[in-house]
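Here is what each chain is made of, one letter per residue.
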Amino acid sequence: MTGTSPGRLAGGPFWRLRRNPLRRHSDMVEAWVVLAVWTVTLVGGLLAGWWAGATVDHAFAERRAALHVVAAELTENGAGGTPAGGGSPVVAGYDAGKVWVTVRWTAADGSVHTGLAKAVPTATAGSRLAVWVDRGERVAAPPTGRSETTLDSVAAAVLVAPLAATAVWGAGWAVRSRLMRRRLAEWDAEWQRIGPQWRNFSGGKG
(Lines give C-alpha, C1' and ligand atoms only; values in the text may rest on other atoms or scores of the structure.)
Protein backbone atom coordinates (compact mmCIF):
# COMPACT_ATOMS: atom_id res chain seq x y z
CA MET A 1 0.00 0.00 0.00
CA THR A 2 3.05 2.24 0.36
CA GLY A 3 3.10 5.02 -2.25
CA THR A 4 -0.52 4.48 -3.30
CA SER A 5 -2.35 7.77 -3.69
CA PRO A 6 -5.75 8.37 -2.06
CA GLY A 7 -7.17 8.99 -5.54
CA ARG A 8 -6.33 5.46 -6.63
CA LEU A 9 -7.63 3.96 -3.41
CA ALA A 10 -10.90 5.82 -3.90
CA GLY A 11 -11.32 4.68 -7.49
CA GLY A 12 -9.09 6.80 -9.69
CA PRO A 13 -9.49 10.37 -10.93
CA PHE A 14 -13.27 10.06 -11.21
CA TRP A 15 -13.82 8.97 -7.61
CA ARG A 16 -16.00 12.06 -7.12
CA LEU A 17 -18.63 10.52 -9.40
CA ARG A 18 -18.96 7.43 -7.21
CA ARG A 19 -21.31 7.30 -4.26
CA ASN A 20 -19.52 7.60 -0.94
CA PRO A 21 -20.30 9.28 2.39
CA LEU A 22 -17.48 11.81 1.99
CA ARG A 23 -18.62 13.10 -1.38
CA ARG A 24 -19.93 16.65 -1.36
CA HIS A 25 -21.92 18.57 -3.92
CA SER A 26 -18.81 20.57 -4.80
CA ASP A 27 -16.99 17.29 -5.51
CA MET A 28 -19.65 16.34 -8.04
CA VAL A 29 -19.47 19.76 -9.64
CA GLU A 30 -15.70 19.57 -9.92
CA ALA A 31 -15.87 16.06 -11.41
CA TRP A 32 -18.24 17.21 -14.13
CA VAL A 33 -16.13 20.32 -14.74
CA VAL A 34 -13.03 18.14 -15.23
CA LEU A 35 -14.90 15.82 -17.60
CA ALA A 36 -16.33 18.76 -19.55
CA VAL A 37 -12.95 20.48 -19.78
CA TRP A 38 -11.25 17.35 -21.12
CA THR A 39 -14.04 16.81 -23.65
CA VAL A 40 -14.21 20.41 -24.84
CA THR A 41 -10.41 20.67 -24.92
CA LEU A 42 -10.13 17.68 -27.23
CA VAL A 43 -13.21 18.25 -29.40
CA GLY A 44 -12.96 22.04 -29.35
CA GLY A 45 -9.29 21.98 -30.30
CA LEU A 46 -9.99 19.68 -33.24
CA LEU A 47 -12.97 21.74 -34.40
CA ALA A 48 -11.04 25.01 -34.06
CA GLY A 49 -8.18 23.58 -36.10
CA TRP A 50 -10.57 22.32 -38.77
CA TRP A 51 -12.34 25.69 -38.88
CA ALA A 52 -9.05 27.58 -39.26
CA GLY A 53 -7.87 25.30 -42.05
CA ALA A 54 -11.22 25.50 -43.84
CA THR A 55 -11.26 29.30 -43.51
CA VAL A 56 -7.80 29.65 -45.06
CA ASP A 57 -8.69 27.24 -47.85
CA HIS A 58 -11.95 29.10 -48.53
CA ALA A 59 -10.13 32.44 -48.68
CA PHE A 60 -7.69 31.08 -51.27
CA ALA A 61 -10.56 29.54 -53.24
CA GLU A 62 -12.40 32.86 -53.32
CA ARG A 63 -9.32 34.62 -54.61
CA ARG A 64 -8.81 31.99 -57.32
CA ALA A 65 -12.44 32.42 -58.36
CA ALA A 66 -12.00 36.21 -58.60
CA LEU A 67 -9.09 35.93 -61.07
CA HIS A 68 -8.77 34.76 -64.65
CA VAL A 69 -6.00 34.50 -67.22
CA VAL A 70 -5.81 36.60 -70.35
CA ALA A 71 -3.43 36.42 -73.30
CA ALA A 72 -1.76 39.83 -73.21
CA GLU A 73 0.53 41.33 -75.85
CA LEU A 74 3.75 43.09 -74.93
CA THR A 75 3.80 46.67 -76.21
CA GLU A 76 7.58 46.98 -75.68
CA ASN A 77 10.71 44.91 -75.43
CA GLY A 78 11.62 43.36 -72.09
CA ALA A 79 14.98 45.10 -72.00
CA GLY A 80 15.12 48.89 -72.27
CA GLY A 81 11.39 49.52 -71.90
CA THR A 82 9.69 52.81 -71.15
CA PRO A 83 10.35 54.67 -67.85
CA ALA A 84 6.71 54.03 -66.90
CA GLY A 85 7.71 50.55 -65.83
CA GLY A 86 9.02 48.62 -68.81
CA GLY A 87 12.50 47.28 -68.22
CA SER A 88 12.47 47.91 -64.47
CA PRO A 89 14.00 44.81 -62.85
CA VAL A 90 12.24 42.61 -60.31
CA VAL A 91 14.71 42.34 -57.44
CA ALA A 92 12.95 39.97 -55.00
CA GLY A 93 10.70 36.92 -54.88
CA TYR A 94 10.30 34.01 -57.25
CA ASP A 95 10.31 36.34 -60.25
CA ALA A 96 13.72 37.88 -59.49
CA GLY A 97 15.54 38.40 -62.78
CA LYS A 98 12.40 39.33 -64.72
CA VAL A 99 11.46 42.87 -65.71
CA TRP A 100 8.28 44.94 -65.65
CA VAL A 101 6.80 45.52 -69.10
CA THR A 102 3.64 47.16 -70.40
CA VAL A 103 1.10 44.71 -71.83
CA ARG A 104 -2.24 45.11 -73.60
CA TRP A 105 -5.22 42.75 -73.78
CA THR A 106 -8.82 42.66 -74.88
CA ALA A 107 -11.48 41.75 -72.32
CA ALA A 108 -14.47 39.51 -73.01
CA ASP A 109 -16.66 42.58 -73.60
CA GLY A 110 -14.28 43.84 -76.29
CA SER A 111 -12.73 46.63 -74.22
CA VAL A 112 -8.97 47.10 -74.42
CA HIS A 113 -6.87 47.34 -71.26
CA THR A 114 -3.21 47.90 -70.45
CA GLY A 115 -1.11 47.20 -67.38
CA LEU A 116 2.29 46.20 -66.09
CA ALA A 117 3.34 42.56 -65.97
CA LYS A 118 6.53 40.61 -65.37
CA ALA A 119 8.42 39.12 -68.31
CA VAL A 120 11.87 37.79 -69.08
CA PRO A 121 14.34 40.45 -70.29
CA THR A 122 14.56 38.77 -73.71
CA ALA A 123 10.82 39.18 -74.39
CA THR A 124 10.07 41.31 -77.44
CA ALA A 125 7.26 43.68 -78.32
CA GLY A 126 4.32 41.86 -79.92
CA SER A 127 4.94 38.57 -78.11
CA ARG A 128 2.20 37.00 -76.00
CA LEU A 129 2.19 36.64 -72.24
CA ALA A 130 -0.31 34.94 -69.92
CA VAL A 131 -1.41 37.49 -67.33
CA TRP A 132 -3.72 37.11 -64.34
CA VAL A 133 -6.33 39.85 -63.97
CA ASP A 134 -9.21 40.45 -61.53
CA ARG A 135 -12.88 41.13 -62.29
CA GLY A 136 -12.04 44.80 -62.85
CA GLU A 137 -9.50 43.82 -65.54
CA ARG A 138 -6.59 44.92 -63.36
CA VAL A 139 -3.34 42.95 -63.39
CA ALA A 140 -3.07 40.82 -60.24
CA ALA A 141 -0.58 38.41 -58.72
CA PRO A 142 -1.15 34.76 -59.65
CA PRO A 143 -3.31 32.80 -57.18
CA THR A 144 -1.69 30.42 -54.73
CA GLY A 145 -1.19 26.89 -56.06
CA ARG A 146 -3.14 23.96 -54.63
CA SER A 147 -0.13 22.41 -52.91
CA GLU A 148 0.80 25.69 -51.21
CA THR A 149 -2.84 26.29 -50.27
CA THR A 150 -3.03 22.86 -48.65
CA LEU A 151 0.19 23.50 -46.76
CA ASP A 152 -1.05 26.88 -45.48
CA SER A 153 -4.39 25.37 -44.45
CA VAL A 154 -2.70 22.57 -42.52
CA ALA A 155 -0.32 25.05 -40.89
CA ALA A 156 -3.26 27.21 -39.77
CA ALA A 157 -5.03 24.16 -38.33
CA VAL A 158 -1.91 23.00 -36.49
CA LEU A 159 -1.40 26.49 -35.04
CA VAL A 160 -4.99 27.20 -33.99
CA ALA A 161 -5.89 23.77 -32.55
CA PRO A 162 -3.44 23.82 -29.59
CA LEU A 163 -4.15 27.51 -28.93
CA ALA A 164 -7.88 26.83 -28.67
CA ALA A 165 -7.27 23.75 -26.50
CA THR A 166 -4.99 25.77 -24.22
CA ALA A 167 -7.61 28.51 -23.87
CA VAL A 168 -10.28 25.97 -22.88
CA TRP A 169 -7.91 24.26 -20.45
CA GLY A 170 -7.02 27.61 -18.88
CA ALA A 171 -10.70 28.46 -18.42
CA GLY A 172 -11.29 25.05 -16.82
CA TRP A 173 -8.32 25.53 -14.51
CA ALA A 174 -9.72 28.90 -13.40
CA VAL A 175 -13.09 27.31 -12.63
CA ARG A 176 -11.44 24.49 -10.67
CA SER A 177 -9.36 26.98 -8.70
CA ARG A 178 -12.51 28.86 -7.74
CA LEU A 179 -14.18 25.61 -6.68
CA MET A 180 -11.12 24.71 -4.61
CA ARG A 181 -11.20 28.07 -2.80
CA ARG A 182 -14.89 27.59 -2.13
CA ARG A 183 -14.26 24.08 -0.78
CA LEU A 184 -11.51 25.32 1.53
CA ALA A 185 -13.83 28.03 2.81
CA GLU A 186 -16.53 25.40 3.47
CA TRP A 187 -14.05 23.20 5.33
CA ASP A 188 -12.87 26.15 7.41
CA ALA A 189 -16.45 27.08 8.30
CA GLU A 190 -17.26 23.47 9.20
CA TRP A 191 -14.16 23.16 11.35
CA GLN A 192 -15.13 26.33 13.19
CA ARG A 193 -18.37 24.55 14.06
CA ILE A 194 -17.00 21.06 14.79
CA GLY A 195 -13.59 21.97 16.22
CA PRO A 196 -14.80 22.96 19.72
CA GLN A 197 -16.85 19.74 19.94
CA TRP A 198 -13.83 17.67 18.89
CA ARG A 199 -11.64 19.29 21.53
CA ASN A 200 -14.27 18.49 24.16
CA PHE A 201 -14.32 14.85 23.08
CA SER A 202 -10.52 14.64 23.24
CA GLY A 203 -10.22 16.29 26.62
CA GLY A 204 -9.03 19.57 25.17
CA LYS A 205 -6.05 17.93 23.42
CA GLY A 206 -7.47 17.97 19.86
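Residues numbered from 1 in each chain as written. Predicted model: local features only at pLDDT ≥ 70, side-chain atom pairs only at ≥ 80, totals over all residues. Heavy atoms only, no water.

## Description of the overall build of the protein
Here is step 1: Helix and strand content of the protein: 3 helices and 5 strands.
Here is step 2: In the protein, the succession of α and β elements from N to C terminus is α-α-β-β-β-β-β-α.
Here is step 3: Counting every position in the protein, which comprises 206 residues, the buried fraction comes to 25%.
Here is step 4: The long-range fraction of contacts in the protein, counting pairs at least 24 apart against all pairs at least 6 apart in sequence, stands at 59%.
Here is step 5: Carbon and sulfur atoms form 64% of the exposed surface of the protein, whose accessible area is close to 14000 Å². (Helix = DSSP H or I, 4+ residues; strand = E, 2+ residues; numbered from the N terminus. Buried < 20%, exposed > 50% of the residue type's maximum accessible area, 1.4 Å probe, protein only. Contact = heavy atoms within 4.5 Å. Areas by Shrake-Rupley, 256 points an atom, 1.4 Å probe, with all protein chains shown as cover.)

## Points about the pattern of salt bridges
Side chains carrying opposite charge are able to pair once their charged atoms draw close together.
Here is step 1: Applying the stated rule across the entire model yields 2 salt bridges.
Here is step 2: For the salt bridge of Asp57 with Arg146, the shortest nitrogen-to-oxygen distance reads 3.7 Å. Linking Asp57 in helix α2 (residues 25–65) with Arg146 in helix α3 (residues 146–201), this pair joins segments that are 89 residues apart in sequence.
Here is step 3: The exposure class of Arg146 is partly exposed, given its relative accessible area of 46%. (Salt bridge = Lys/Arg side-chain N within 4 Å of Asp/Glu carboxyl O.)

## Here's the deal with a nonpolar patch on the surface
Here is step 1: Taken together, the side chains of Leu42, Val43, Leu46 and Leu47 define a hydrophobic patch exposed on the protein surface, amounting to about 410 Å² of accessible area.
Here is step 2: You can see Leu42 is positioned in helix α2.
Here is step 3: Assessed through its relative accessible area of 57%, Leu42 is described here as exposed. (Patch = residues over 30% accessible without salt bridge, like charges linked within 9 Å, V, L, I, M, F, W, Y side chains within 5 Å.)

## Looking at the nonpolar core
Here is step 1: Within the largest apolar cluster, 12 residues are counted, these being Val70, Ala72, Leu74, Val99, Val101, Val103, Trp105, Ala117, Ala119, Ala123, Val131 and Val133.
Here is step 2: Considering every element that reaches this core, the biggest residue donor is strand β3 (residues 99–106), with 4 residues.
Here is step 3: Leaving out residues up to four positions away in the same chain, Ala119 has contacts with Leu74, Lys98, Val99, Val101 and Leu129. (Core = buried A, V, L, I, M, F, W, Y, C linked by side-chain atoms within 4.5 Å.)

## Regarding the packing of aromatic side chains
Here is step 1: Taken as a whole, this structure holds 1 aromatic pair when the rule is applied.
Here is step 2: Between Trp38 and Trp169 the ring centres are 5.3 Å apart and the planes differ by 65°, which places this aromatic pair in the edge-to-face class. Highlighted residues: Trp38 in helix α2 and Trp169 in helix α3, separated in sequence by 131 residues.
Here is step 3: On the accessibility criterion, Trp38 (51% relative accessible area) is exposed. (Phe/Tyr/Trp six-rings, centres within 6.5 Å; stacked < 30°, edge-to-face > 60°.)

## Details of the side chain of Glu137
Here is step 1: Looking at the element boundaries, Glu137 is found in the loop between β5 (128–133) and α3.
Here is step 2: For the buried residue Glu137, which engages in no salt bridge, the nearest side chain bearing the opposite charge is Arg135, 9.6 Å off.
Here is step 3: Within the structure, Glu137 has its side chain in polar contact with the side chain of Trp105 (distance 2.8 Å). (Lys, Arg positive; Asp, Glu negative; His and termini not counted. Polar contact = N/O pair within 3.5 Å; in protein donor to acceptor, adjacent residues only side chain to side chain.)

## Here's the deal with the pairing of strand β4 (residues 112–119)
Here is step 1: With 8 bridges joining them, β3 and β4 adopt antiparallel strand pairing. For Trp105, the partnering residue across the bridge sits in β4 and is His113. (Pairing = 2+ DSSP bridges.)

## Structural notes on the side chain of Thr41
Here is step 1: Mapped onto the elements of the fold, Thr41 is located in helix α2.
Here is step 2: Those residues in contact with Thr41, other than ones at most four positions away along the chain, are Ala165, Val168 and Trp169.

## Considerations on the pairing of β3
Here is step 1: In this sheet, β3 lies alongside strand β1 (residues 68–74) in antiparallel orientation, the contact comprising 2 bridges. Across the sheet, Glu73 pairs through a bridge with Arg104, a residue of β3.
Here is step 2: The hairpin formed by β3 and β4 contains 5 residues between the paired strands, and Gly110 there has a positive phi angle of roughly 90°.

## Focus: the environment of Ala59
Here is step 1: Of note, Ala59 is situated in helix α2.
Here is step 2: Of the residues examined, Ala59 reaches a relative accessible area of 43% and is grouped as partly exposed.
Here is step 3: Distance from Ala59 to Thr149, taken between C-alpha atoms, is 9.7 Å for residues 90 residues apart in sequence.

## Considering the confidence of the model for the protein
Here is step 1: Of the residues in the protein, 73% have a pLDDT of 70 or more, and the chain-wide mean is 78.
Here is step 2: Here residues 1–10 is modelled with pLDDT under 50, and outside its nearest four sequence neighbours on either side it reaches 6 contacts, counting other chains as well.
Here is step 3: Contacts from residues 82–86, a stretch scored under 50 in pLDDT, to residues over four places away or in other chains number 10 contacts. (pLDDT = per-residue confidence, 0-100.)

## Description of the environment of Leu179
Here is step 1: Looking at the secondary structure, you find Leu179 in helix α3.
Here is step 2: Separated by 149 residues in the primary sequence, Leu179 and Glu30 place their C-alpha atoms 7.0 Å from one another.
Here is step 3: If near-sequence neighbours (up to four positions away) are discounted, Leu179 is found in contact with Val29, Glu30 and Val33.

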